[in-house]
Amino acid sequence: MLPARVAIDPRESLDSYLERIALVNDLTTKSLVRMLKENRDGSSVSTAFMLVRPSDELVGRIVDLTGLGASAVENSTLLRYDGGAPLNLDGFDPLDRASYRAIVCQGWFPQHGTQLCPLCLSHDGIWQLSWKLPVSTVCPDHGVYLVAECSRCSRRFRTRHHSPLRPRLDEHQPCGNPLGFSAPCRHSILREKPTAASEGAIRTATRVTAAIQGEETSVLDGALAPPAYLAEVRNLTTLLLHLASRSRARGFVALPV
Ligand SMILES: [Zn+2]
Ligand SMILES: [Zn+2]
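Computed from a predicted structure; not experimentally measured.

Student: What should I look at first to understand the coordination of the zinc ion (ligand 1) in this one?
Tutor: Octahedral metals with six donors have ideal donor angles of 90 or 180 degrees. Tetrahedral metals with four donors have an ideal donor angle of 109.5 degrees. Around the zinc ion (ligand 1), the protein supplies Cys117 (SG), Cys120 (SG), Cys139 (SG) and His142 (ND1) as donor atoms, at distances of 2.1 to 2.3 Å. Each of the four donor atoms around the zinc ion (ligand 1) contributes to a set of angles spanning 104 to 116 degrees, which defines the coordination as tetrahedral. Counting gaps between the donor residues of the zinc ion (ligand 1) yields the pattern C-x2-C-x18-C-x2-H. Remark: histidine 142 occurs in the loop between strand 1 (138-139) and strand 2 (144-145) and cysteine 120 occurs in helix 6 (residues 118-124); sequence separation between them is 22 residues. Classification of cysteine 120 as buried rests on a relative accessible area of 4%. According to the relative accessible area criterion, histidine 142 is partly exposed, its value standing at 36%.

Student: Can you help me understand the environment of proline 164 in this one?
Tutor: Among the secondary structure elements, proline 164 is positioned in the loop between strand 2 and helix 7 (199-212). For the pair proline 164 and leucine 241, spaced 77 residues apart in sequence, the C-alpha separation works out to 31 Å. Sequence-distant contacts of proline 164, defined by excluding residues within four places in its chain, comprise Asp15, Met50, Leu51 and Arg158.

Cut-offs and rules
Residues numbered from 1 in each chain as written. Chains lettered and ligands numbered in written order. Predicted model: local features only at pLDDT ≥ 70, side-chain atom pairs only at ≥ 80, totals over all residues. Heavy atoms only, no water. Donors = N, O, S within 2.8 Å, 3.2 Å for Na, K, Ca; no water. Tetrahedral: all angles 85-135°; square planar, octahedral: opposite > 155°, others 65-115°. Helix = DSSP H or I, 4+ residues; strand = E, 2+ residues; numbered from the N terminus. Buried < 20%, exposed > 50% of the residue type's maximum accessible area, 1.4 Å probe, protein only. Contact = heavy atoms within 4.5 Å.

That's the geometry; what it means functionally is another story.
Here it is in structure tokens:
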């Protein structure tokens with residue numbers, strides 16, 4: 001077990017927690033990932049789909065190294081949103097790539113990487129798991145739209161393929177996205193300037209957050225269970241996007257330029 005331990009924040013994503021563990025133990029993230037992967041017999045523990053559903057072997061390795069409970073590890077991955085709240089991970093096996101394609105087909109599945117609220121991040125240094133969800137658009141605490149990409153490298157945050165963790169860590173929260181053959185993007189994410197969200201967007205975000213946390217939502221004088229409400233939000237958004245993208249749509253609605 002690593003000498004220094006830190007408590008995981010209930011909102012935190014696993015990559016954020018592992019980076020903080022590396023930092024307090026004075027390890028590079030590369031060394032930490034190596035410790036998580038290497039087996040004594042020379043075989044390797046898979047970190048593929050670590051943020052979606054980590055393999056049982058990887059969960060065991062994280063538990064051994066950090067002292068965290070297995071359920072806390074799983075709660076920091078997209079497993080938290082399984083059961084239609086708002087994802088469905090039925091049939092997904094992190095060791096079977098074909099099963100990943102099947103769950104992505106459900107639509108609106110979180111892409112690689114994440115959005116974020118720079119104000120939250122500068123306040124507590126915690127990368128919240130909910131920022132990965134496409135249905136999350138606003139930070140209810142600060143009333144701003146989540147920032148979708150780094151203003152320096154123009155890529156979604158944490159767009160990393162080889163390692164889930166950023167190569168360099170410090171209090172400025174460097175972006176860390178790979179930039180071809182040059183050094184990774186060093187732009188401080190804390191310098192991103194989020195835009196104030198509209199009142200309607202904040203109201204919707206508050207309802208969506210409540211539904212994700214398991215609360216019933218009232219719609220047109222009726223109550224909807226969280227999975228039903230979240231599925232309706234997805235279906236309605238898909239329909240509106242479909243209509244707005246038709247060539248004649250410009251005549252019906254004012255579209256942003
Ligand atoms: Zn915030
Ligand atoms: Zn960047």
